[in-house]
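Read off the chains here:
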Amino acid sequence: MNTTRRSGLNSTALALIPLAIAINIAVGQLVAVLKLPVYLDSIGTVLTGALLGPWIAMITGALSNIIWTLLGINPPAIWFAPVAAVIGIIAGFAGRAGVFQRASPRWLSAIIVGIFLFALALFVMSFVNSTTDAQGNLVIPNAADLLSQQPIVFIVAFVAGLALGYYVLQNAGYAGLVGLLNGVIAAIISAPIAAYVFGGVTGGGTDALVAAFRASGAGILASNLAQGTVSDPFDKMTSYMLVYLIIQALPRRVLQLFPNARATEQLRPASEPVTSH
Amino acid sequence: MQSAYIPGTSLLHRLHPLTKLAGAALVITAIYLLPWPLAPLVLFGGLLGLAYLSGVAGPFLRTALRVLLPITISLFLIQGLLFPPPSATPLPLGPITLRREGLVFAFVTSTRLLAFTGTLLLLLETTHPADLVFALTQRGLPSSIGYILLVALQIVPNMTARATDVLEAQRSRGLETQGGVRRVRALVPLVGPLIVGALVDVEERAMALESRAYTAPGPKTSLRELVDTFSQRVARWLMLLGIAALIAWRIVMAL
């Protein structure tokens, strides 16, 4: 079936986008039932990016949040549509780069998450230990001082990251890495929206983190940024990992429908069996 | 189709969707631009009155409270009581000391959110989503975007039901959904069937679209008809002028 047309939205995209939006919402609700500490409300967006590229995923993300509003479940969700759109763009470029097709060795996944958690611990610690000087300027402590004062925190973070990468992420290291970075970018874009429109709270469990950062003396915008960079990367990492695992398990015939997946098809040796999960 | 729409025959129900959309845009602009702290609350009162006249006051209040109560409580606790700005004015009240600026911030943010949510809810509860999308496509929204929105609204209940089915089926096969970080990997057998099922649908849906010449160029007819009147057209222009005037007024005030 050849559906390539002058516009970007051919019938395959038109059929996939509504399904992806519904997946975003259904999985988001499923996770709430399971009481997992993630939102996972962008799996459909990441999937569209992996299969059909950045622009179609951008539309999927933005329209997802508009649907949350139209359904009347969560009317203010429309404010975060730009964040969802950017997630789609990043997932699409990651898909073009073949991130969802390449398997990484488990030790590499371990090192990726280990280094990420180490950097995150450094960020959070320098944030919590920051002080204001006489002029009211924020003084960020020296990274070397932090490392020597509380080495345990950083060792624990690094080891936890190694374990997370080795046992949870396994072969999805490349997808997980993009997911972690995507989470940081999403946090940076959503922090101002959360701070100015929502006063920095969501009414959910992550508000405890915001309260903790506020207690350390940070402003509303800074607290939100810190909260986002702590919780968003793991949420996006999980979404990317799930999309990677599902694409690995998809039949060839289904993948053939989607140009992005087809372009990188050659990366997987034909003889290699599809890993089962 | 799952949506916030509640069927009815009130004046608000009968208005052209674009008139209501322009009205909502005007109210939202006013919520965020009017300088008086009580303005959002007054506007919300007006919206509640309109909702009562349109016969949707019950669901209107219920959804607004369900969405905003947790946010409001968090706001007052975190930004209002516990961590107000350091230079805030103390406001002693019995054994605890409140801070004026913190409470004002929490109040302004939560009432703005309340009025914003109320505006959208009133629009959506009195307008059938298909009418709203059709009105927008008549004014230049790409019909593909309209199609995506309407289909998504239609298949969300199906997809949610399918997700519940998959969850129950996997649990009956002994899938652990409780305990440990590794249960994150338990999401694979839950999300996998959902996505694979959807992707298998894609081909069929795409063929259905092609066989109905959906992507063919040229004008299309619609089963829906919207009633528009001259007075509504004038009202829309006036409301758009009102938005422009509000923005201009605030810019002049800021200079």
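Residues numbered from 1 in each chain as written. Chains lettered and ligands numbered in written order. Predicted model: local features only at pLDDT ≥ 70, side-chain atom pairs only at ≥ 80, totals over all residues.

### Considering the overall build of chain A
Next, step 1: When you go through chain A residue by residue, the secondary structure sums to twelve helices and two strands.
Next, step 2: In sequence order, the secondary structure elements of chain A are arranged as α-α-α-α-α-β-β-α-α-α-α-α-α-α.
Next, step 3: Pairs at least 24 apart in sequence give 72% of the contacts found in chain A among residues at least 6 apart. (Helix = DSSP H or I, 4+ residues; strand = E, 2+ residues; numbered from the N terminus. Contact = placed C-beta atoms within 7 Å.)

### Description of the overall build of chain B
Next, step 1: When you go through chain B residue by residue, the secondary structure sums to nine helices and two strands.
Next, step 2: Taken from N to C terminus, the helices and strands of chain B fall in the order α-α-α-α-β-β-α-α-α-α-α.
Next, step 3: Relative to the 2.2 N^0.38 estimate, which gives 18 Å for 255 residues, the radius of gyration of chain B is 24 Å and therefore markedly larger than a compact globule would have.
Next, step 4: Over its C-alpha atoms, taken along the principal directions, chain B stretches across nearly 65 × 60 × 40 Å.
Next, step 5: Here chain B holds 255 residues, and 33% of them are scored as buried.
Next, step 6: For chain B, the share of sequence-separated contacts (at least 6 apart) that also reach a separation of at least 24 residues comes to 73%. (Rg over C-alpha atoms; globule rule 2.2 N^0.38 Å. Buried ≥ 20, exposed ≤ 12 C-beta atoms within 10 Å, placed from the backbone.)

### Observations regarding helix α4 (residues 81–96) of chain A
Next, step 1: Here α4(A) contains 16 residues, and its C-alpha end-to-end distance of 23 Å stays within 8% of the 22 Å for a straight helix at 1.5 Å per residue.
Next, step 2: Where α4(A) ends, the next residue or the one after it, Gly98(A), has phi of about 80 degrees, a positive value. (Expected span 1.5 Å × (residues − 1).)

### Side note on helix α8 (residues 173–198) of chain A
Next, step 1: A bend of about 35 degrees at Ser190(A) is the largest found in α8(A), and the proline Pro192(A) appears one to four places after it.
Next, step 2: Phi turns positive, to about 65 degrees, at Gly199(A), one or two residues after α8(A). (Bend = angle between axes of the 7 residues up to and from the residue.)

### Quick word on the interface of chain A and chain B
Next, step 1: On the chain B side, the residues contacting the 57 residues of chain A number 61 residues.
Next, step 2: Mapped by element, the contributors of at least two residues to the side of chain A that touches chain B are α1 (11–34), α2 (43–52), α3 (54–70), α7 (151–169), α9 (207–215) and α10 (220–249) of chain A.
Next, step 3: For the side of chain A that touches chain B, the per-class residue count stands at 40 nonpolar, 14 polar and three charged. (Nonpolar A, V, L, I, M, F, W, Y, C, P; charged D, E, K, R; others polar.)

### Comments concerning the nonpolar core
Next, step 1: Core analysis: the largest hydrophobic core is formed by 146 residues, its most contacted members being Ile23(A) and Val243(A).
Next, step 2: Here the element with the most residues in this core is α1(A); it accounts for 15 residues.
Next, step 3: The residues touching Ile23(A), leaving out its near neighbours within four places in the chain, are Ile43(A), Gly44(A), Leu47(A), Met159(B), Leu194(B), Ile195(B) and Ala198(B). (Core = buried A, V, L, I, M, F, W, Y, C linked by C-beta atoms within 7 Å.)

### Describing the packing of helix α3 (residues 39–53) of chain B against helix α5 (residues 100–126) of chain B
Residues and elements named next belong to chain B.
Next, step 1: Between α3 and α5, the shortest axis-to-axis distance is 9 Å and the interhelical angle comes to 25 degrees. Relative to α5, the element α3 lies roughly parallel. The handedness of the crossing between α3 and α5 comes out as left-handed. Mapping the contact onto sequence places Pro-40, Leu-41, Leu-43, Phe-44, Leu-47, Leu-50 and Ala-51 in α3 and Thr-111, Arg-112, Leu-114, Ala-115, Gly-118, Thr-119 and Leu-122 in α5. (Axes fitted to C-alpha atoms, helices over the stretch in contact; angles between N-to-C directions. Parallel < 35°, antiparallel > 145°, perpendicular 65-115°, else oblique. Left-handed = near helix turned anticlockwise from the far one by under 90°.)

### Re unusual backbone geometry
Next, step 1: Its identity as a non-glycine residue notwithstanding, Gln170(A) has a phi of 50 degrees, on the positive side.
Next, step 2: Checked against the element boundaries, Gln170(A) lands in the loop between α7 and α8.
Next, step 3: Exposure remark for Gln170(A): the 21 C-beta atoms within 10 Å place this residue in the buried category.
Next, step 4: Positioned with a positive phi, Ala213(B) is a non-glycine residue whose angle comes to about 55 degrees.
Next, step 5: Locating Ala213(B) in the fold gives a position in the loop between α8 (187–211) and α9 (230–254).

### Comments concerning the packing of α10(A) against α8(B)
Next, step 1: It is at 10 Å that the axes of α10(A) and α8(B) come closest, and there the two elements cross at 60 degrees. When the interaxial angle is binned, α10(A) and α8(B) end up oblique. Every pair of crossing elements has a handedness; the one defined by α10(A) and α8(B) is right-handed. Along the contact surface, α10(A) presents Leu242(A), Leu245(A), Ile246(A) and Ala249(A), while α8(B) presents Leu187(B), Val188(B), Val191(B), Gly192(B) and Ile195(B).
Next, step 2: For the contact of α10(A) with α8(B), the per-class residue count stands at eight nonpolar, one polar and no charged.

### A look at the confidence of the model for chain A
Residue and element names in this part refer to chain A.
Next, step 1: Looking at chain A, pLDDT values average 84 and 88% of them are 70 or higher.
Next, step 2: Per-element confidence in chain A ranges from a low mean pLDDT of 66 for strand β1 (residues 131–132) to a high of 95 for α4.
Next, step 3: A low-confidence stretch, residues 1–7 (pLDDT under 50), is modelled with eight contacts involving residues beyond four sequence positions or located in other chains. (pLDDT = per-residue confidence, 0-100.)

### Brief notes about the environment of Leu12(B)
Next, step 1: As for its position among the elements, Leu12(B) is in helix α1 (residues 11–14).
Next, step 2: Ignoring sequence-local partners within four residues, the contact set of Leu12(B) consists of Leu50(B), Ser54(B) and Thr126(B).

### What to know about the confidence of the model for chain B
Next, step 1: Considering every residue of chain B, the mean pLDDT works out to 88; 93% of them sit at 70 or more.
Next, step 2: Our summary of model confidence lists the complex with pTM equal to 0.87 and ipTM equal to 0.88.

### Some words on the environment of Ala261(A)
Next, step 1: Looking at the secondary structure, you find Ala261(A) in helix α12 (residues 259–263).
Next, step 2: Residue Ala261(A) is classed as buried on the basis of its C-beta count, with 21 C-beta atoms lying within 10 Å.

### So, the environment of Thr229(A)
All names here are of chain A.
Next, step 1: You can see Thr-229 is positioned in helix α10.
Next, step 2: On the neighbour-count criterion, Thr-229 (21 C-beta atoms within 10 Å) is buried.
Next, step 3: For the pair formed by Thr-229 and Leu-181, sequence separation is 48 residues and the distance between their alpha carbons is 9.7 Å.
Next, step 4: Those residues in contact with Thr-229 that sit more than four places away from it in its chain are Leu-120, Phe-123, Val-184 and Ala-187.

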